[in-house]
Structure formats: structure tokens, C-alpha cells
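Okay, here's what each chain looks like letter by letter:
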Amino acid sequence: MTRPLLYSFRRCPYAMRARMALARAGIGYELREVLLRDKPSAMLELSAKGTVPVLQVDDLVLDESLDVMLWALKQADPDGWLQCPDAAHDLIRLCDEDFKVWLDRYKYNDREPDFTLAKARGEGERFLSTLEGQLAAEGDWLYGRLGLADVAIFPFIRQFAFVDKGWFDQSEFERLKRWLASLLESELFLKVMFKHKPWQPGQAPVLIGEAE
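Residues numbered from 1 in each chain as written. Predicted model: local features only at pLDDT ≥ 70, side-chain atom pairs only at ≥ 80, totals over all residues. Heavy atoms only, no water.

Re the overall build of the protein chain
Counting its regular elements, the protein chain contains 9 helices and 5 strands. The globule rule puts the C-alpha radius of gyration for 212 residues at 17 Å, and the 17 Å found for the protein chain is close to it. Taken along the three principal axes of its C-alpha coordinates, the protein chain extends 50 × 40 × 25 Å. In the protein chain, which comprises 212 residues, the proportion classed as buried is 45%. The contacts of the protein chain with a sequence gap of at least 6 include a subset with a gap of at least 24, amounting to 70%. (Helix = DSSP H or I, 4+ residues; strand = E, 2+ residues; numbered from the N terminus. Rg over C-alpha atoms; globule rule 2.2 N^0.38 Å. Buried < 20%, exposed > 50% of the residue type's maximum accessible area, 1.4 Å probe, protein only. Contact = heavy atoms within 4.5 Å.)

Here's what the structure looks like:
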């Protein structure tokens, strides 16, 4: 295959997890960093959704982050992330479909007059409690070892924690705090968080990793 092309935004949690999966699979790609307030027409021609990530591989276009993760791991899965229980997929779905709603209401509470900050955080805490319980049962990672669920969920917990880091640091979620710190300090995360200037048509390609 030709080198994949990835439209991304450094701080977007969906794009983070896609980049982490691509990195772990050892897949090189051309990165096009996007300003979300000024989305390039080339990206919109590939995906009218106007969200990141968008991955193009030859004639294949993927514009859902979990699809990008699964595609990358089907190319190469050195740690067996795809060998996870159905419960891991259920937990990711709960994050994406329920927790993310309350995360947005918590982070952007000034735009959510129908929900107090305490209400939004309280609803989000229910998912944090689920993760805390899972870590109590499994150890350092959600399903025994670093895997798909950890990486797919981590960027959203990172975002939730940093809305009010003081509150999170004083919270009762001791296992979750250690889990989050481990991922924040991991080589996998740090290698996908380098800053790049927004892409402009005609510029030299920004190549990430090795071509596979």
C-alpha cells in the first residue's frame, strides 16, 4: 500500500487514540495537522463530517477513530490488543456513547445552562467508578495488560481529569490516577504528541514513522 495519509488535530482525544494505534502497529503515515476552525477542503472532500481523524489508504477512507485503530491493528498487532474480551468493546462503547456526553457538559459547562458543573461531573464520575472497579479487579490495566480499551478510553479520561486537575488529584480514584499517570508518561503517548504546524497545501509532507 502507499503511505497512509492522516488528518489529525493534536489535542483531539479521538485523533490521539488513532495516532497511538498507528504508532503501536508501526505504521508510517503522512500527517496533516488540522485547525478545526479552518478545515482544509482536501479533508472535507474525503469526509464531509469535518471531524478528525480521517485516514486515507489508497481508495480506503476511514473517518471514525475506532475504525482507524482497528484497521491499524489488523495490519500489525504486536501486543495482541485485538485479543480482548467482548467486555472491552462494551466498555469503549460506554465511554464513547455515554461518558463523552457528560465529559462535554463538564468541560464546556458554560455552554450547558441545563446542567450544573456538579451534575455533569457527578454523572461522569459514574464511569470513573466503573474504571476504578475494573482496575481493582484486573490490576494495572483494564484487562490485565495494556490493550485496546486502555488506549481507546485514556484520552477522554485525560480530558476529564484536566478540567479540574486539583479536584481529580484529590479524588478517591487512586487506581485510575495511577493508570492515567502511566499512560501520560508512556513512550507511546509521548511519541504521538509532538507539535506540528497546521498543514498548508503545497508544503513538504510531514512523515511520521516508517512506511510499512
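A few points about the layout of surface pockets
In this approach, a probe sized like a water molecule rolls over the atoms, and the result shows the empty space that is left. Estimated volume of the largest pocket: approximately 640 Å³. For the lining of the largest pocket, the secondary structure elements donating two or more residues are helix H1 (13-24), helix H3 (65-75), helix H4 (86-107) and helix H6 (148-163). For the lining of the largest pocket, the element with the most residues is H4, which contributes 7 residues. Residues of the lining of the largest pocket, tallied by class, amount to 14 nonpolar, 5 polar and 12 charged. Taken together, 19 residues line the second largest pocket, and the ones lying closest to its centre are Tyr29, Lys191, Val192, Ile208 and Gly209. Listing elements by their share of the lining of the second largest pocket, those giving two or more residues are H1 and strand S2 (29-33). (1 Å grid on protein atoms, 1.4 Å probe; cavity = no way out; pocket = protein on both sides within 12 Å on 5 of 7 lines; lining within 4 Å. Points joined across faces, edges and corners; volume = space filled by probe spheres on them. Nonpolar A, V, L, I, M, F, W, Y, C, P; charged D, E, K, R; others polar.)

Comments concerning helix H5 (residues 117-138)
With 22 residues, H5 extends 31 Å between its outermost C-alpha atoms, agreeing within 8% with the 32 Å of an ideal straight helix rising 1.5 Å per residue. Turning to H5, its buried residues are Ala120, Arg121, Glu123, Gly124, Phe127, Leu128, Leu131, Glu132, Gln134 and Leu135. Elements in contact with the buried residues of H5: H4, H6, helix H7 (165-170) and helix H8 (174-184). The positive-phi residue at the C-terminal boundary of H5 is Gly139, with phi of around 110°. (Expected span 1.5 Å × (residues − 1).)

Examining the pattern of salt bridges
One side chain can pair with another of opposite charge once the charged atoms of both are near each other. Scanning the model with the defined rule gives 12 salt bridges in all. Between Lys119 and Glu123 there is a salt bridge, and its shortest N-O distance comes to 2.9 Å. Here Lys119 and its partner Glu123 are both found in helix H5, 4 residues apart, which amounts to about one turn of the helix. A salt bridge links Glu174 to Lys177, with the shortest nitrogen-to-oxygen separation between them at 3.1 Å. Of the two residues, Glu174 and Lys177 are both situated in helix H8; the distance of 3 residues between them amounts to about one turn of the helix. Several salt bridges converge on common partners, so that one network encompasses Lys119, Glu123 and Arg126. (Salt bridge = Lys/Arg side-chain N within 4 Å of Asp/Glu carboxyl O.)

Re a positive patch on the surface
Residues Arg11, Lys107, Arg111 and Lys195 make up a contiguous surface patch of positive charge. Structurally, Lys195 can be placed in the loop between helix H9 (187-191) and strand S5 (206-208). (Patch = residues over 30% accessible without salt bridge, like charges linked within 9 Å, V, L, I, M, F, W, Y side chains within 5 Å. Areas by Shrake-Rupley, 256 points an atom, 1.4 Å probe, with all protein chains shown as cover. Lys, Arg positive; Asp, Glu negative; His and termini not counted. Charge placed at Lys NZ, Arg CZ, Asp CG, Glu CD.)

A short note on H6
Along its length, H6 shows its largest kink, about 40°, at Phe154, and proline Pro155 lies within four residues downstream of that point. H6 sits mainly inside the fold: 13 of its 16 residues count as buried. (Bend = angle between axes of the 7 residues up to and from the residue.)

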